[in-house]
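An overview of the molecular structure
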Amino acid sequence: MGMNLVILGPPGAGKGTQAVRLAQAFSLRHLSSGDLLRAERARGSALGKKAAEYMDAGKLVPDEIIIGAVLSQLSDLGDKAGLLLDGFPRTVAQAESLGKALNQAGKRVDVVPALAVPEDLIVDRITGRRTCPRCNAVYHVKTLPPARDGICDADGAVLVQRPDDTAEVVKQRLEAYHRQTAPLEAYYRDKGLLAEVDGTQDMDTVFQALSEAVRRRLGME
Ligand code: AP5
């Protein structure tokens, strides 16, 4: 049976960037709650419209909305599929619901890598980020620029800046992180699942450290 990973870290820590690589390396299905909500917004669904109010203010979407939205995606999974959750859970209530849903399917969270990045670096990473609205590829104007300025390498779409990537909204997102999400580190540490990784280094070095931490925790090396 595939393993299930939850990647933790503050906004802009590099969760999405590393989740794409880890999913490929460990053959996991990458599920990003942020991407899911942005896709709902783009479709103009009721969920997307409701979520937009919170996202643009840098607040967490309420548990009663997000839990159902993410867990309904989990029921699509084949028995053998492993999961990499990025952006969910973000509150203890979400973590409890996830634990129950996995448990009912005979699965569990196996390891929780957590990226540690200080706030000054986070602000640089978030304000320099550019994303592809079509394929969700993530770039950075300084650390990971596309080959052609402002154009996605993968599909040629014009890159955009997320509406919640302004310095002002980032402040709110960090506040929400400290108040509501940071307690998850202790939650998973107590369960013996947390693997802390220094997220300040370059992307390849962080990936190496994450892969080693996952293998170590799962007894793969
Ligand atoms: P979400 O999309 O999950 O945003 P986030 O957690 O704030 O995370 P980010 O996507 O901003 O950052 P990241 O850690 O993935 O960093 P990235 O790899 O892009 O959520 C958005 C909103 O949706 C929330 O505010 C909330 O409203 C709502 N929401 C989502 N899930 C929810 C939930 N479960 N409950 C309630 N509400 C929810 O990297 C950032 C930049 O840095 C990029 O430009 C990248 O190229 C660059 N970079 C990455 N790594 C490095 C490196 N090592 N060196 C240099 N540059 C790097």
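Described in the following lines is the structure provided in the data block.

Rules behind the numbers
- Here the residue index of a chain counts from 1 through its sequence in written order.
- For a predicted model such as this one, the threshold for reporting local features is a pLDDT of at least 70, and the threshold for listing and counting side-chain atom pairs is 80 or more; totals across whole chains, interfaces and linings nevertheless cover every residue.
- Only hydrogens and water are removed before side-chain values are computed, so all heavy atoms of the structure are retained for them.
- Each residue is tested against the molecule or strand, and it is near if at least one of its non-hydrogen atoms lies within 4 Å.
- For the purposes of these results, a polar contact is taken to be a pair of N or O atoms within 3.5 Å, where, inside protein, one atom must be able to donate a hydrogen and its partner to accept one; residues adjacent in sequence count only when each atom of the pair is a side-chain atom.
- Note on areas: Shrake-Rupley, 1.4 Å probe, and residue coverage restricted to the protein chains presented here.
- Counting from the N terminus, the helices are DSSP H or I runs at least four residues long and the strands are E runs at least two residues long.
- Note that Gly is not counted as nonpolar here; it falls among the polar residues with everything else outside the nonpolar set of Ala, Val, Leu, Ile, Met, Phe, Trp, Tyr, Cys and Pro and the charged set of Asp, Glu, Lys and Arg.
- Within this scheme, the nonpolar core is defined by two criteria: the residues are buried Ala, Val, Leu, Ile, Met, Phe, Trp, Tyr or Cys, and they are joined through side-chain atoms within 4.5 Å.
- Only protein chains enter the accessibility calculation, which uses a 1.4 Å probe; a residue is then buried when its area is under 20% of its type maximum, exposed when over 50%, and partly exposed in between.
- Any two residues whose heavy atoms approach within 4.5 Å at even a single point are treated as in contact.
- Ring pairs are drawn from Phe, Tyr and Trp, using the six-membered ring of Trp, whenever the two centres fall within 6.5 Å, and their geometry is named by plane angle: stacked under 30 degrees, edge-to-face over 60, tilted for the rest.
- Cation placement over rings: the criterion is NZ of Lys or CZ of Arg within 6 Å of the ring centroid and within 35° of the ring normal.
- Disulfide: a pair of cysteine sulfur atoms within 2.5 Å of each other.
- Axes here refer to lines fitted to C-alpha atoms; in helices the fit is confined to the stretch in contact. Angles between the N-to-C directions go from 0 to 180 degrees.
- Convention used here: angles under 35 degrees read as roughly parallel, angles over 145 as roughly antiparallel, angles from 65 to 115 as roughly perpendicular, and any remaining angle as oblique.
- Helix crossings get a hand from a simple test, with the near helix turned counterclockwise from the far one by less than a right angle marking a left-handed crossing and a clockwise turn marking a right-handed one.
- Paired strands, in this sense, are two strands between which DSSP finds at least two bridges.
- The reported arc concerns the directions from the helix axis to the C-beta atoms and nothing else.

What follows deals with the site of the ligand. Around the ligand sit 33 residues in total, of which Thr17, Lys59, Arg90, Arg129 and Arg173 are the nearest. Glutamine 94 places a side-chain nitrogen or oxygen 2.9 Å from a nitrogen atom of the ligand. Contact with the protein chains covers 96% of the free accessible surface of the ligand, which is 1,000 Å². It is helix 2 (residues 33-43) that contributes the most residues to the shell around the ligand, 4 residues altogether. Each residue belonging to the shell around the ligand can be placed in one class, and the counts come to 12 nonpolar, 11 polar and 10 charged.

Among the nonpolar cores identified, the biggest contains 28 residues, and Val6, Leu8, Leu98, Val109, Val112 and Tyr188 are the most heavily contacted of them. For this core, the secondary structure elements donating two or more residues are helix 2, helix 3 (46-56), helix 4 (63-74), strand 3 (82-86), helix 5 (92-104), strand 4 (112-116) and helix 8 (183-190). For this core, the leading source of residues is helix 4, giving 6 residues. Non-local contacts of tyrosine 188, meaning those with residues more than four positions away in its chain, are made with Val6, Leu8, Pro89, Ala95, Leu98, Val109, Val112, Leu193 and Leu194. Judged by nonpolar contacts, the second largest core, of 24 residues, contains Ala19, Leu28, Leu84 and Leu174.

What follows deals with the packing of aromatic side chains. In this structure the tally under the stated criterion is 1 aromatic pair. Seen in terms of ring centroids, tyrosine 187 and tyrosine 188 are 5.0 Å apart; in terms of plane orientation they differ by 85°. Their pairing is edge-to-face. Judged by relative accessible area, tyrosine 187 falls into the buried class, the value being 16%. The class for tyrosine 188 is buried, based on a relative accessible area of 2%. Between the NZ or CZ atom of lysine 191 and the centre of the ring of tyrosine 187, over which it lies, the distance is 4.8 Å.

Quick look at the environment of glutamine 180 now. Tracing the sequence through the fold places glutamine 180 in helix 7 (residues 167-181). Distance in space between the C-alpha atoms of glutamine 180 and arginine 90 is 6.9 Å, their sequence separation being 90 residues. In this view, glutamine 180 contacts Leu60, Arg90 and Thr91; residues no more than four positions away in its chain are not counted.

Following the criterion strictly, the structure yields 0 disulfides and no others. The thiol of cysteine 132 is not disulfide-bonded; the next cysteine sulfur, from cysteine 135, is found 3.7 Å away.

To continue, consider the packing of helix 6 (residues 119-127) against helix 7. The geometry of helix 6 relative to helix 7 is characterised by a closest axis approach of 11 Å and an angle of 130° between their N-to-C directions. Judged on the interaxial angle alone, helix 7 and helix 6 are oblique. Regarding helix 6 and helix 7, the two cross each other, and that crossing is right-handed. Of the residues in helix 7, those touching helix 6 at Glu119, Ile122, Val123, Ile126 and Thr127 are Ala167, Val170, Arg173, Leu174 and His178. Considering only residue class, the contact of helix 6 with helix 7 consists of 6 nonpolar, 2 polar and 2 charged.

On to the pairing of strand 4. Across the 5 residues that make up strand 4, a large majority, 4, are buried. Sheet topology note: the strand 4/strand 7 (residues 194-198) ladder contains 5 bridges and is parallel. By the bridge assignment for strand 7, alanine 114 is matched with glutamate 196.

The next thing to look at is the sheet that holds strand 3. Read across the open sheet, the 3 strands follow the order 1-3-2; overall the sheet is parallel. The strands lining the two open edges of the sheet, one partner per strand, are strand 1 (4-7) and strand 2 (28-32). This sheet shows a mean twist of 15° between the axes of neighbouring strands, independent of strand direction. Helix-sheet contacts for helix 1 (residues 15-25) involve strand 1, strand 2 and strand 3, and the interaxial angle to strand 3 is about 170°.

This part takes up helix 3. Because an α-helix packs 3.6 residues into every turn, residues spaced three or four apart end up facing the same way. Gly48, Ala51, Ala52 and Met55 are the residues of helix 3 that are buried. Mapping the buried residues of helix 3 onto a view down its axis gives an arc of 120°, with all of them on the same face. Residues of helix 3 that are exposed and point more than 90 degrees away from the buried face comprise Ala46, Lys49 and Glu53. On its buried face, helix 3 is in contact with helix 2 and helix 7. Looking one or two places after helix 3, you find glycine 58, whose phi comes out positive at around 75°.

Read these as spatial facts, not as claims about activity.
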